[in-house]
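Each chain is listed here by its residues.
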Amino acid sequence: MIVVIGVGWIFSLAYNDPGILYIAVAFSLIMNLVAYWKSDSIALTLARAHEAQHDQYKDLYHTVENLCITAGIPMPKIYVIDDASVNAFATGRNPKHATVAVTTGLLARLDKTELEGVIAHELSHVRNYDTLLSTVVVILVGFISIISNIFMRSTLFRGRSDRNNQNSIFMLIGVITAILAPIAAVLIQLAISRKREFLADASGALLTRYPEGLASALEKISADRPLVSAQGATAHLYFVNPFKADGGGEKKVSFMAKLFMTHPPIEERIKALRQMA
């Protein structure tokens, strides 16, 4: 809220119009409320997931149930995505309202220890409240991008006389903010996502007491096919990048490339896990 109000305040000064600030605050409140209460259902809809039936997915249910008992968290809802790609994600505002979704490809291609590693990773996101944090950051990034785009378009299409009547200093600050704020917001989102993935890997390995299971799952996934239902807005939620493997195998990833990755390079995650063994 502080960031959104600050950006709205700068733009309201640039146009000398306090109404912009009021609109920014009201719009951000609505978006945050919707995201807090409905983020899980929105993510599941975008992923084309459907609720898993216990009789059809008994092994999956028992794996999730056993790990939840070990982690000391409530049993989440379980969803399945009909896709041959190996992936999974967790969503929900807190452990009492959490959902774990896995692809059919993950269930078909991973063995028991690898499946446990992936599920433990996703449950760690739930226990660490990463799912709520991810939602907040996505809303922040999306909102800043929207108001920055509106500001830039309105600046371009306003008449010259209108521009001359504006406070030139605040107008310049507003333009700079409109250009840099979305970039900074995206970098913050991606940096947080990468850090939380490392934390979830470590927490998941501690939960199963077998880091090699998760490391082996990552190796299988590293050269996997993209997820058909992948969406840019929810890419950071997944166990690995749903569009393609992030630096899998022996491929070296540059520093600049890492800045714009939703997940840490897979080889770095595997290395960190095997150092825990």
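Relevant structure appears above.
This report concerns the structure included in the present document.

Rules used throughout
- Residues numbered from 1 in each chain as written.
- Predicted model: local features only at pLDDT ≥ 70, side-chain atom pairs only at ≥ 80, totals over all residues.
- Heavy atoms only, no water.
- Salt bridge = Lys/Arg side-chain N within 4 Å of Asp/Glu carboxyl O.
- Helix = DSSP H or I, 4+ residues; strand = E, 2+ residues; numbered from the N terminus.
- Pairing = 2+ DSSP bridges.
- Axes fitted to C-alpha atoms, helices over the stretch in contact; angles between N-to-C directions.
- Contact = heavy atoms within 4.5 Å.
- 1 Å grid on protein atoms, 1.4 Å probe; cavity = no way out; pocket = protein on both sides within 12 Å on 5 of 7 lines; lining within 4 Å.
- Points joined across faces, edges and corners; volume = space filled by probe spheres on them.
- Nonpolar A, V, L, I, M, F, W, Y, C, P; charged D, E, K, R; others polar.

**Things to note about the pattern of salt bridges**
Next, step 1: Going through the model one piece at a time under the given rule, you end up with seven salt bridges.
Next, step 2: Two residues, Arg274 and Glu212, come together in a salt bridge whose shortest N-O distance is 2.8 Å. Note that Arg274 is positioned in helix H11 (residues 266-276) and Glu212 in helix H9 (residues 211-222), a separation of 62 residues in sequence.
Next, step 3: Taken together, the shared-partner salt bridges connect Glu197, Asp201 and Arg269 into one network.

**Describing the sheet that holds strand E4 (residues 99-103)**
Next, step 1: Taking strand neighbours across the sheet as the criterion, the four strands line up as E1-E2-E4-E3 in an open arrangement whose pairing is mixed. Only two strands of the sheet have a single neighbouring strand rather than two, namely strand E1 (49-51) and strand E3 (88-91). Strand after strand, the sheet turns through a mean of 25° between neighbouring axes, direction not considered.
Next, step 2: Lying on the sheet, helix H2 (residues 19-47) is in contact with E1, strand E2 (77-81), E3 and E4; it crosses E3 at an angle near 155°.
Next, step 3: Sheet strands in contact with helix H5 (residues 112-127) are E3 and E4, and its direction is about 20° off that of E3.

**Looking at empty space enclosed by the protein**
Next, step 1: As enumerated under the stated definition, the model contains three cavities of 30 Å³ or more in all.
Next, step 2: Estimated volume of the largest cavity: approximately 80 Å³.
Next, step 3: As for the largest cavity, its lining consists of Ala90, Glu122, His125, Asp130, Thr131, Ser134, Ile192, Ser193, Arg196, Glu197, His236 and Leu237.
Next, step 4: Of all the elements in the fold, those that place two or more residues in the lining of the largest cavity are H5, helix H6 (130-157) and helix H8 (168-208).
Next, step 5: With four residues, H8 is the largest single contributor of residues to the lining of the largest cavity.
Next, step 6: When the residues that make up the lining of the largest cavity are grouped by side-chain class, the tally is three nonpolar, five polar and four charged.

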